[in-house]
Amino acid sequence: MTTSGPGQTYGGSTVGSEPTHQSTVDDSREAAVASVLPEAQTQKLVAEVVEDLSVFDGIVERAQAIIARYPQSRSALLPMLHLVQSVQGYVSHAGIQFCARELKLADAEVSAVATFYTMYKRKPCGEHLVSVCTNTLCAALGGDDIYAKLRDHLGEPGKPLGHEETAGTPGEPGSITIEHAECLAACDLGPVLQVNYEFYDNQTPEKAVELVDALRRGEKPAPTRGAPLSDFKDVSLQLAGFFERESDVDGPSQATETLAGAQLASDRGWTAPTMPESVAFPELEKK
Amino acid sequence: MTTVDPVTPVLTKRWLSPRSWSIQTYEQLEGYTAVRKALAVTPEQVVQVVKDSGLRGRGGAGFPSGLKWSFMPPNEDKPHYLVINADEGEPGTCKDIPLMMADPHSLIEGCIIASYAMRSHHCFIYVRGEALHCIRRLNQAVAEAKAAGYLGTNVFGSGFDIEITVHAGAGAYICGEETALLDSLEGRRGQPRLKPPFPAAAGLYAAPTTVNNVETIASVPYIINGGSDWFRKMGTEKSPGPKIYSISGHVEKPGQYEAPLGTTLRQLLEMAGGMKDGIPLKFWTPGGSSTPMFTTEHLDVALDFEGAAAAGSMLGTTAVQVFNETVSVPWAVMKWTQFYKHESCGKCTPCREGTYWLVQILERMVAGNGTEEDIDTLLDVCDNVIGRSFCALGDGAVSPIQSGIKYFRDEFLALCQRNREKNRKPALAGAN
């Protein structure tokens with residue numbers, strides 16, 4: 001990225017390329033004078049910060065593998081942001097620069113995307129991310145109480161933990177980030193919460209407290225539906241499309257609620273109408 | 001019409017089987033038989049069967065699927081794309097995620113058939129990021145289908161090439177809107193596009209694209225195998241077929257019930273064991289929070305596209321959220337409005353500003369600081385959001401408010417009591 005000086009064009013437009021009264025003024029000096037901040041500070045705001053990207057050396061091949069999935073490289077951006085999250089546990093400025101470099105985009109283009117989606121965390125996340133559904137239906141069934149209880153339980157006395165705040169040191173074993181989530185599409189199993197996007201169904205404040213206490217002790221209680229619990233960084237890698245344990249696929253999913261209708265039909269002997277033996281396709285006139 | 005059983009497992013028929021998500025189970029239970037039949041006829045014939053079946057989009061809008069497919073250009077000047085909308089997130093909606101977990105191969109088979117019908121060779125399944133277990137199972141299903149020769153080049157010697165890419169989203173309700181989904185899939189912020197051009201003319205990478213819901217596409221293999229007449233044995237004339245009704249909330253047995261379109265809440269409640277602990281019903285949504293709420297008056301409304309619309313709501317995603325008498329309507333409306341405010345993408349002013357102010361008024365009212373004028377202000381803001389927003393999110397956002405006030409105005413008025421008393425002028429002593 002370059003910064004435009006006096007009289008230069010902006011974004012390829014010719015508007016303003018003609019000399020104007022402003023072009024006689026040295027913009028940078030004026031900015032420094034106009035600011036209440038010391039010059040070193042204002043310099044920091046306009047200067048390009050080049051991060052050390054060596055932390056991502058190990059994922060360059062994976063980044064290229066993601067790009068290869070798509071007809072156009074930019075489509076790889078969402079999975080690639082999940083990928084950088086699998087390294088650092090959040091999307092750092094370095095992570096943004098890494099994606100920009102691999103996809104030949106401007107940092108700002110990547111930044112604009114990273115800040116739009118709630119699953120990209122802009123602060124280091126705990127070992128585990130606990131998401132409590134507080135949308136209307138779950139809330140009516142107790143989701144609000146669960147979230148309030150966890151905030152109190154994981155916070156300091158008199159200072160409950162806030163949305164996207166972490167109990168413990170981010171990244172350290174046993175650290176937990178909590179958030180209130182929008183509808184998690186498990187309404188028949190509400191109130192629900194997720195740990196690292198694995199489902200813990202039919203929760204109560206007591207069960208949720210037990211769950212986070214176990215997580216803090218380094219245990220990994222099995223989810224109701226999903227694979228054996230790993231951690232936030234590991235699931236970020238999976239969201240980028242890299243699955244390292246085939247057995248994860250067989251993690252449970254057949255909840256009573258999910259099967260309620262199928263089970264009822266089976267018990268009562270109800271079925272869909274029988275399909276005919278063979279069906280002819282409609283004949284169409286040749287054009 | 002001959003009588004059809006109250007529950008008709010079609011999409012859900014394999015869900016009770018052990019490892020229903022594996023290709024072995026799928027193949028044992030007629031899996032991948034439809035795709036062989038479809039690839040043996042012309043793409044136009046496949047489109048015609050789907051048109052004849054009357055299948056309508058299961059993502060909420062109910063657009064006829066065969067007609068949508070026929071909008072794709074017959075030539076292949078540009079690549080064609082099929083994109084599956086698996087970004088399930090409408091409050092109350094929870095049908096696609098169990099479907100993809102329990103039977104991912106039915107979606108994969110549907111994708112192959114639909115791609116063939118629309119001359120697409122690359123299909124994308126855009127799955128909500130939070131649905132990690134579905135993403136795992138879909139990835140595995142794609143790998144299994146590839147190994148078995150259902151995906152790849154020259155499938156069954158038909159000359160047809162097809163590739164499927166599973167793509168994880170990153171947490172944005174707006175990406176369920178089809179053009180926002182396409183922008184997101186292109187690696188951008190998920191913001192809706194101006195239509196026209198419609199995706200069939202300029203969709204993904206400005207190439208012809210069809211976006212279909214999971215349940216819609218998963219229905220296709222059954223239509224190919226059973227034929228359009230069989231499909232029409234279930235449901236109604238204009239809304240044929242079975243549909244997964246997701247019943248949640250204050251009922252004894254919440255869950256997924258696949259029943260013919262046109263089933264009523266009274267029937268669904270019977271299946272779900274009635275109201276929880278016998279506490280009476282107060283209000284419910286027929287198809288997610290964006291569909292205007294119903295009350296006890298609507299127990300016998302036929303839940304198909306026509307029936308729900310005639311009663312003043314929409315069928316939506318058949319996400320039946322049931323609330324009993326203990327739940328305050330203004331509170332529920334406030335919670336939903338907080339959701340829409342959070343998820344408004346910010347592109348257009350009516351939705352961005354409207355939801356921002358609506359939340360504040362509702363929060364103030366629920367806190368007991370409302371005035372009667374607040375109700376008028378709410379409705380006035382709603383009028384300036386509905387039909388004036390860039391996409392349907394704005395319309396959805398005002399549904400709970402307008403319908404809540406329509407049926408439960410007394411509850412909103414009750415929230416104004418404190419201010420009414422405060423502002424009451426004390427009667428002058430001896431003035432009468």
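Residues numbered from 1 in each chain as written. Chains lettered and ligands numbered in written order. Predicted model: local features only at pLDDT ≥ 70, side-chain atom pairs only at ≥ 80, totals over all residues. Heavy atoms only, no water.

A few points about the overall build of chain A
So the rule is basically this: A run of DSSP states H or I qualifies as a helix once it reaches four residues; a run of E qualifies as a strand once it reaches two. Both are numbered from the N-terminal end. Accessible area is worked out with a 1.4 Å probe on protein chains only. A residue is then buried under 20% of its type maximum, exposed over 50%, and partly exposed in between. Whether two residues touch is decided by their heavy atoms; if any such pair falls within 4.5 Å, the residues are in contact. Computed with a 1.4 Å probe, the accessible areas rest on the Shrake-Rupley method; for each residue, only the protein chains presented here act as cover.
Along the backbone of chain A there are 11 helices and five strands. When the 287 residues of chain A are sorted by exposure, 47% land in the buried category. Taking the contacts inside chain A whose residues are at least 6 apart along the sequence as the reference set, 64% of them involve residues at least 24 apart. Carbon together with sulfur atoms contributes 51% to the accessible area of chain A, which is approximately 14300 Å² in total.

Comments concerning the overall build of chain B
Keep this limit in mind: As a reference, a globule follows 2.2 Å times the number of residues to the power 0.38, and the radius of gyration itself is taken over C-alpha atoms. We count Lys and Arg on the positive side and Asp and Glu on the negative side, and we leave His and both chain ends out. By convention, charge coordinates are those of NZ in Lys, CZ in Arg, CG in Asp, or CD in Glu.
A tally of regular secondary structure across chain B gives 16 helices and nine strands. Relative to its length of 432 residues, chain B is compact, with a C-alpha radius of gyration of 23 Å against a globular reference of 22 Å. Dimensions of chain B, computed from the C-alpha atoms along their principal axes, are close to 100 × 45 × 35 Å. Intrachain contacts of chain B at a sequence separation of at least 6 include 71% that bridge at least 24 residues. A total accessible area of about 15100 Å² is found for chain B, and carbon and sulfur atoms account for 52% of it. The averaged location of the 46 negative side-chain charges in chain B is 2 Å from the averaged location of its 41 positive side-chain charges.

Topic: the packing of helix H3 (residues 60-67) of chain A against helix H5 (residues 93-103) of chain A
Residue and element names in this part refer to chain A. Selection rule: For every element, the axis is a line fit to its C-alpha atoms; helices are fit only across the contacting stretch, and the angle between N-to-C directions ranges from 0 to 180 degrees. Roughly parallel refers to an angle under 35 degrees, roughly antiparallel to one over 145, roughly perpendicular to one between 65 and 115, and oblique to any angle outside these ranges. Handedness of a helix crossing follows the sense of rotation of the near helix relative to the far helix, less than a right angle counterclockwise being left-handed and clockwise being right-handed. All amino acids are sorted into three groups, where Ala, Val, Leu, Ile, Met, Phe, Trp, Tyr, Cys and Pro are nonpolar, Asp, Glu, Lys and Arg are charged, and the leftover types, Gly among them, are polar.
Across the interface, H3 lies against H5 with an axial gap of 11 Å and an inter-helix angle of 55 degrees. Viewed along their axes, H3 and H5 adopt a mutual orientation that is oblique. Where H3 crosses over H5, the handedness of that crossing is right-handed. Packed against H3, whose contacting residues are Val-60, Ala-63, Gln-64 and Ile-67, the element H5 presents Phe-98, Arg-101, Glu-102 and Leu-103 at the interface. The residue makeup of the contact of H3 with H5, split by class, is five nonpolar, one polar and two charged.

Observations concerning the pairing of strand S5 (residues 242-249) of chain B
Moving residue by residue along a regular strand, the side chains alternate between the two faces of the sheet. Residues and elements named next belong to chain B. So the rule is basically this: Strand pairing is assigned whenever DSSP detects at least two bridges linking the two strands.
Counting buried residues along S5, eight of its eight residues qualify, which places the element largely inside the surrounding structure. Here S5 pairs with strand S6 (residues 255-260) via six bridges, running antiparallel. Bridging from a neighbouring strand, Ile-244 pairs with Glu-258 of S6. Hairpin geometry of S5 and S6 is characterised by an intervening segment of five residues between the two adjacent antiparallel strands.

Quick notes on the side chain of Asn-212 of chain B
All names here are of chain B. Put simply, the test is: Under this definition, polar contacts are N or O atom pairs within 3.5 Å; protein pairs additionally need one hydrogen-donor-capable and one acceptor-capable atom, and for neighbouring residues in sequence, both atoms have to be side-chain atoms.
Topologically, Asn-212 is positioned in strand S4 (residues 209-213). Polar side-chain contacts of Asn-212 include one of 2.8 Å to the side chain of Trp-69. Not counting chain neighbours up to four residues away, the residues in contact with Asn-212 comprise Lys-68, Trp-69, Leu-82, Val-83, Ile-84, Asn-85, Met-118 and Ile-217.

Here we look at the interface of chain B and chain A
We apply this condition: Buried area counts how much accessible surface, traced with a 1.4 Å probe, disappears from two parts once they are put together, with both parts' losses summed. A carboxyl oxygen of Asp or Glu within 4 Å of a side-chain nitrogen of Lys or Arg is what we treat as a salt bridge.
Each partner contributes residues to the interface: chain B has 94 residues there, and chain A has 76 residues. Surface buried jointly by chain B and chain A totals about 6900 Å² across both partners, of which 65% is contributed by carbon and sulfur atoms. Here chain B and chain A share three salt bridges between them. Taken together, chain B and chain A are joined by 33 residue pairs in polar contact (both at pLDDT 80 or more). Grouping the constituent residues of the side of chain B that touches chain A by class yields 45 nonpolar, 32 polar and 17 charged.

Observations concerning the sheet that holds strand S4 (residues 193-195) of chain A
All names here are of chain A. Within the open sheet, the five strands sit side by side as S2-S3-S1-S4-S5. Their pairing is mixed. This sheet does not close on itself; its edge strands, each paired only once, are strand S2 (165-167) and strand S5 (198-200). Strand-to-strand, the axes of this sheet are offset by a mean angle of 30 degrees, without reference to chain direction. Two strands pair when backbone bridges link them, and S4 and S5 are joined in this way by three bridges, in the antiparallel orientation. Paired with Leu-193 across the two strands is Tyr-200, which belongs to S5. Across the face of the sheet, helix H9 (residues 205-216) comes into contact with strand S1 (128-133), strand S3 (176-181), S4 and S5 while running at roughly 5 degrees to S4.

Some remarks on the state of the cysteines
We count it as follows: Criterion for a disulfide: a pair of cysteine sulfur atoms at a distance within 2.5 Å.
Under the counting rule described, the total for this entry stands at zero disulfides over all chains. Take Cys-187 of chain A: it sits in no disulfide, and the sulfur closest to it among the cysteines is that of Cys-183 of chain A, at 3.6 Å. Overall, the relative accessible area of 4% leaves Cys-187 of chain A in the buried class. Considering cysteine sulfurs only, Cys-351 of chain B is the nearest to Cys-348 of chain B, which forms no disulfide, with 5.1 Å between them. Taking the relative accessible area as the measure of exposure, Cys-348 of chain B reaches 15% and is therefore buried.

Some words on helix H13 (residues 349-369) of chain B
Regarding H13 of chain B, the residues found buried are Cys-351, Gly-354, Thr-355, Leu-358, Val-359, Ile-361, Leu-362, Met-365 and Gly-368 of chain B. Looking at the buried residues of H13 of chain B, the elements they touch are helix H12 (329-343), helix H14 (372-385), helix H15 (392-414) and helix H16 (417-423) of chain B.

Describing the confidence of the model for chain B
As a reminder, the rule being used: pLDDT is a residue-level measure of predictor confidence that goes from 0 to 100.
Residue-level pLDDT values for chain B average 96, and 99% of them are 70 or greater. Reported confidences for the modelled complex are a pTM of 0.93 and an ipTM of 0.95.

Considerations on the sheet that holds strand S9 (residues 319-324) of chain B
Residue and element names in this part refer to chain B. Taken together, five strands build an open sheet; the order of strands is S6-S5-S9-S7-S8 and the sheet is mixed. With partners counted over all chains shown, the strands left at the sheet margins are S6 and strand S8 (294-295), one partner each. Of the pairings in the sheet, the one linking strand S7 (residues 281-285) to S8 comprises two bridges and is antiparallel in character. When the bridges of S8 are listed, Phe-283 appears paired with Thr-295.

Re the packing of H13 of chain B against H14 of chain B
Residue and element names in this part refer to chain B. Running from N to C, H13 and H14 point in directions that differ by 160 degrees, and their axes come no closer than 10 Å. The orientation of H13 with respect to H14, classified from their angle, is roughly antiparallel. Read as a crossing pair, H13 and H14 show a hand that is left-handed. Where H13 approaches H14, its residues Pro-350, Cys-351, Gly-354, Leu-358, Ile-361, Leu-362, Arg-364, Met-365 and Asn-369 are matched on the opposing element by Asp-374, Ile-375, Thr-377, Leu-378, Val-381, Cys-382, Asn-384 and Val-385. A breakdown of the residues in the contact of H13 with H14 according to their chemical character gives 11 nonpolar, four polar and two charged.

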